Amino acid sequence: SRYGGNEDPDDLEDFFPRILPDDDWEKSSDVVVSLANYIRDGSGMSRADLSVGSVYSCIEDEFDGIRRETNIRPATWVTASHRNMLERDGKGPYATREQSSRLTLVDGRGDELSLGNEYNRLDTKLLTAGLRLKIGKGVEAGFNARYDHVEHEFTTQTQELDYSSQCWAIQLRRKVEASDE
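Note that the structure is predicted; figures quoted are calculated from it, not measured.

On the secondary structure map, Met-45 appears in the loop between β1 (30-40) and β2 (46-57). Taking C-alpha positions, Met-45 is 9.0 Å from Arg-73, a pair spaced 28 residues apart along the chain.

With that settled, the discussion passes to the packing of aromatic side chains. This structure, assessed with the given rule, holds three aromatic pairs. Here Arg-40 stacks its cationic end above the ring of Tyr-38, 4.2 Å away from the centre of that ring.

Further remarks concern the confidence of the model for the chain. Model confidence for the chain is summarised by a mean pLDDT of 86, while 85% of its residues fall at 70 or above. Contacts from residues 1-5, a stretch scored under 50 in pLDDT, to residues over four places away or in other chains number seven contacts.

Before going further, it helps to spend a moment on the sheet that holds strand β5 (residues 94-106). With antiparallel pairing, 10 strands are arranged side by side in an open sheet as β1-β2-β3-β4-β5-β6-β7-β8-β9-β10. The sheet terminates laterally at β1 and β10 (169-177), the two strands that pair on one side only. Ignoring strand direction, the axes of neighbouring strands in this sheet form an average angle of 10°. Across nine bridges, strand β9 (residues 153-164) lies against β10 in antiparallel orientation. What sits directly across from Gln-157, in β10, is Val-176.

This brings us to the side chain of Glu-87. With respect to the element layout, Glu-87 can be found in strand β4 (residues 78-88). Within the structure, the side chain of Glu-87 is placed 2.3 Å from the side chain of Arg-97, a separation counted as a polar contact. If we skip the residues at most four places from it in the chain, Glu-87 touches Asp-64, Gly-65, Pro-93, Tyr-94, Ala-95 and Arg-97.

This part covers the pattern of salt bridges. One pass over the full model with this rule turns up 12 salt bridges. A salt bridge links Glu-118 to Arg-146; its shortest N-O distance comes to 2.5 Å. Remark: Arg-146 occurs in strand β8 (residues 139-148) and Glu-118 occurs in strand β6 (residues 112-120); sequence separation between them is 28 residues. Between Arg-132 and Glu-140 there is a salt bridge; the shortest N-O distance is 2.9 Å. Taken together, the salt bridges that share partners define one network made up of Arg-132, Lys-134, Glu-140, Glu-160, Asp-162 and Arg-173.

Criteria and thresholds
Residues numbered from 1 in each chain as written. Predicted model: local features only at pLDDT ≥ 70, side-chain atom pairs only at ≥ 80, totals over all residues. Heavy atoms only, no water. Helix = DSSP H or I, 4+ residues; strand = E, 2+ residues; numbered from the N terminus. Phe/Tyr/Trp six-rings, centres within 6.5 Å; stacked < 30°, edge-to-face > 60°. Lys NZ or Arg CZ within 6 Å of the ring centre and 35° of its normal. pLDDT = per-residue confidence, 0-100. Contact = heavy atoms within 4.5 Å. Pairing = 2+ DSSP bridges. Axes fitted to C-alpha atoms, helices over the stretch in contact; angles between N-to-C directions. Polar contact = N/O pair within 3.5 Å; in protein donor to acceptor, adjacent residues only side chain to side chain. Salt bridge = Lys/Arg side-chain N within 4 Å of Asp/Glu carboxyl O.

So this is what it looks like as structure tokens:
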């Protein structure tokens, strides 16, 4: 049972449990609504998948933006991905707030090369590139860069070195933001 509650869903002070007196925490009551589907080949590998989802806030009585994601893998060595976030301004129609697209190529060893773009309606249009190499058993190295083609500068560069075993892993990461330089 809840602390001193009468379980009245219309009383926001009673709708959430009180853990400690004067506890101050952000209250939310959300329901995730989503639909996902995929196409697999005879071996069970996913060749295409699509998902659409949103979060409904019971407190605000409204849906958050709509997330769409599509991945297509026509061959074992190539994957194309697209993600899109739609939002409304007030009660108007939904419009794209963010989107990203990526093409990833993988060789027989598992090394990856990726190229993509990211768009944020507020302020960014980025080109992205990444490289991930298998160095040895359980050891991988990676490099990612994001280039703002409006401002003509690299916004982020990340270098990684990872080791993973059956039951533990170590990851060393160096991330440089344009504002750090």
